[in-house]
Amino acid sequence: MLRFYSHWRFPPPLAAARMLSSPPPTPHSQPSISSGVSNSISTTKNTKPNLLPTQSQPKTLSSSPLKSTVACSSSGPIRQNMTTVSQCFSTKQEPVESDKSSLLVVSFYKFADFPDHADLRKPLKDLCEELCVSGGIILAPEGINGSICGSRESVERVLAFIQSDVRLNGLRQVETPVSPEQEAIHHGHSSSSPLAAGEDAPFRWDHVRVKLKKEIVTLGMPSVSPIERVGTYVSPEEWNELISDPETVVIDVRNTYETRIGKFKGAVDPCTTAFRHFPSWVEDQFALKQEGNETQAKVEKNEENKAEKPKALPRIAMYCTGGIRCEKASSFLLSQGFEEVYHLKGGILKYLEQVPKTESLWEGECFVFDKRVSVEHGLAQGTHKLCYGCKQPISDEDMEAPEYESGVSCPYCFSEKSEEEKERARARQIQFEEWGVIGGPDKGRRPAAKPDSPRKSSAKLGSSI
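Residues numbered from 1 in each chain as written. Predicted model: local features only at pLDDT ≥ 70, side-chain atom pairs only at ≥ 80, totals over all residues. Heavy atoms only, no water.

Q: Residues and numbers for the pattern of salt bridges, please.
A: Think of it this way: side chains of opposite charge can pair up when their charged atoms draw near. Scanning all chains against the criterion turns up 19 salt bridges. R167 serves as the salt-bridge partner of D116, at 2.8 Å between the closest nitrogen and oxygen. Linking D116 in the loop between β3 (103–111) and α2 (121–130) with R167 in the loop between α3 (152–163) and β6 (172–177), this pair joins segments that are 51 residues apart in sequence. The same class applies to D116 as to R167, namely buried. E419 serves as the salt-bridge partner of K422, at 3.7 Å between the closest nitrogen and oxygen. (Salt bridge = Lys/Arg side-chain N within 4 Å of Asp/Glu carboxyl O. Helix = DSSP H or I, 4+ residues; strand = E, 2+ residues; numbered from the N terminus. Buried < 20%, exposed > 50% of the residue type's maximum accessible area, 1.4 Å probe, protein only.)

Q: Hey, could you go over the nonpolar core for me, with residue numbers and the actual values?
A: If you look at the biggest cluster of nonpolar residues, it comprises 28 residues, and the most contacted ones within it are I251, V253, F278, V282, I316, M318 and L333. Among the secondary structure elements, those contributing two or more residues to this core are β3, β4 (134–140), β9 (248–252), α7 (278–285), β15 (315–319) and α8 (324–335). The element contributing the most residues to this core is α8, with six residues. For I316, the residues in contact, after removing those within four places along its chain, are V249, I251, F286, L333, F338, E340, V341 and Y342. (Core = buried A, V, L, I, M, F, W, Y, C linked by side-chain atoms within 4.5 Å. Contact = heavy atoms within 4.5 Å.)

Q: With reference to specific residues and values, describe the environment of Y319.
A: In this fold, Y319 is placed in strand β15. Considered as a pair, Y319 and Y342 are 23 residues apart in the sequence and their alpha carbons are 8.7 Å apart. Among the polar contacts made by the side chain of Y319, one reaches the main-chain amide nitrogen of F264 at a distance of 3.1 Å. (Polar contact = N/O pair within 3.5 Å; in protein donor to acceptor, adjacent residues only side chain to side chain.)

Q: I'd like a description of the sheet that holds β9, backed by residues and values.
A: Pairing is parallel across the open sheet formed by four strands, whose spatial order is β8-β16-β15-β9. The strands lining the two open edges of the sheet, one partner per strand, are β8 (232–234) and β9. Sheet twist, expressed as the mean angle between neighbouring strand axes with direction ignored, is 30°. As paired strands, β9 and β15 are joined by five bridges and run parallel to one another. Each bridged residue has a counterpart across the sheet, and for I251 the counterpart in β15 is M318. In this fold α8 packs onto β8, β15 and β16 (341–344), with an angle of close to 160° to the strand it touches most, β15. (Pairing = 2+ DSSP bridges. Axes fitted to C-alpha atoms, helices over the stretch in contact; angles between N-to-C directions.)

Q: Hey, could you go over unusual backbone geometry for me, with residue numbers and the actual values?
A: For V373, which is not glycine, the phi torsion reads 70° and is therefore positive. Residue L379 is not a glycine yet carries a positive backbone phi of 60°. As for its placement among the helices and strands, L379 is situated in the loop between β19 (374–375) and β20 (385–387). We classify L379 as buried; its relative accessible area is 5%.

Q: Break down the environment of Y109 for me, with residues and values.
A: Tracing the backbone shows Y109 in strand β3. The sequence separation of Y109 and G143 amounts to 34 residues, and the corresponding C-alpha distance is 7.5 Å. Excluding residues that lie within four positions of it along the chain, Y109 makes contacts with I144, N145, L171, R172, G322, G323, I324 and E327. Of note is the side chain of Y109, whose polar atom sits 2.8 Å from the side chain of E327.

Q: Pulling in residues and values, what's your account of the sheet that holds strand β7 (residues 208–212)?
A: Pairing in this open sheet of five strands is mixed, and the strands run β6-β3-β5-β4-β7 from one edge to the other. This sheet does not close on itself; its edge strands, each paired only once, are β6 and β7. Recorded for the sheet is a direction-independent mean angle of 10° between the axes of neighbouring strands. Summarising the sheet, β3 and strand β5 (residues 143–151) pair through nine bridges and their orientation is antiparallel. Across the sheet, the residue bridging to L103 is S151, located in β5. Sitting on the sheet, α3 touches β3, β5 and β6, and the angle it makes with β5 is about 160°.

Geometric descriptors of this kind do not, in isolation, establish any biological role.
Dropping the structure here:
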């Protein structure tokens, strides 16, 4: 059972720090990989950003026209002791060799009034492909959310391009370095062996997804708007003090497959399988009821005077992987009458990056949504692998269980999958083991037929009919 407590204030040093705020970066400033933003949103509608960097973007980024061929950026710091050559290729053009730059992964998001979000999809995808930046990006009327991987210069050029729209300026960003082992694999591509080269890289090296959705993080409640109101941000340095207070209820806003491998000491696990289930859990857990147009806490009778008094809502401290879910969750709690709502700025990733392991209250590993699967303190890669049957993290012990079958099932999905689903998964796994990629050498595309092949003749016959 959760306990309910009275109002809490930060100690004087913490309160003083809370009153400080950082202004958003100016259009001429270098985008910081770990910079924060203010909660204010510009209502000025910006014109479509140009594909090429403009004067409003950082001067340190390359301003030369982009080449028509697909090539990795050759500038930026060169990792020592690494001599492999990076090559990217296009099916339309010859591969171009370039010197290898160090890689990084950057997760970012920004809530904004962005009704014309669809206009950004094509130019953003084109730029990522031009610069060999991989990953996934979501565009929605409420803003942008993504995680991308590439050389530092290429990633910064993509981020600068996004922030050339004033509404998206000041992205909340978390940078994660790529291990030398992953970097060696990522840069080990060649046109002669393109299939298995990048399977262990943080993202599929030759692919970027830019999707259009209704929400950048799905809660299913259009009335909840982080643009209008969110909880109080707490820095990683202040987080331990807040959650160590016995009057603070600490809530993990993530899902069960994430909380299973790690969480903060003493945190409450809602045991949700999707973020959209969080509001229902809050209503049940804190006994909220709907009265008219306002949500209030159910009253409890005082045994001494029999008078009805509203049950006090507790002080809440929330956290998630990078901070985006907490933005919506805190906005939702404030709309439900909670007065003290705090959330970890930068999420677990920023905490693991900045707080030393000797001072940390984090237990376990943090699940991440790329091929690293999990990270530890210092953002070093964790020990968990991924079950490709259900996309959940699994440990070495899980892989020893009888329910585990590589690429097919694990102890967490074995009983939920039908035999037909398992057979299809086995077929995909055979393709992967034989070719290094699901779908075979043509990745599901029909191979080009020879001039005298029966396939081509039958195709002509079919078209004539």
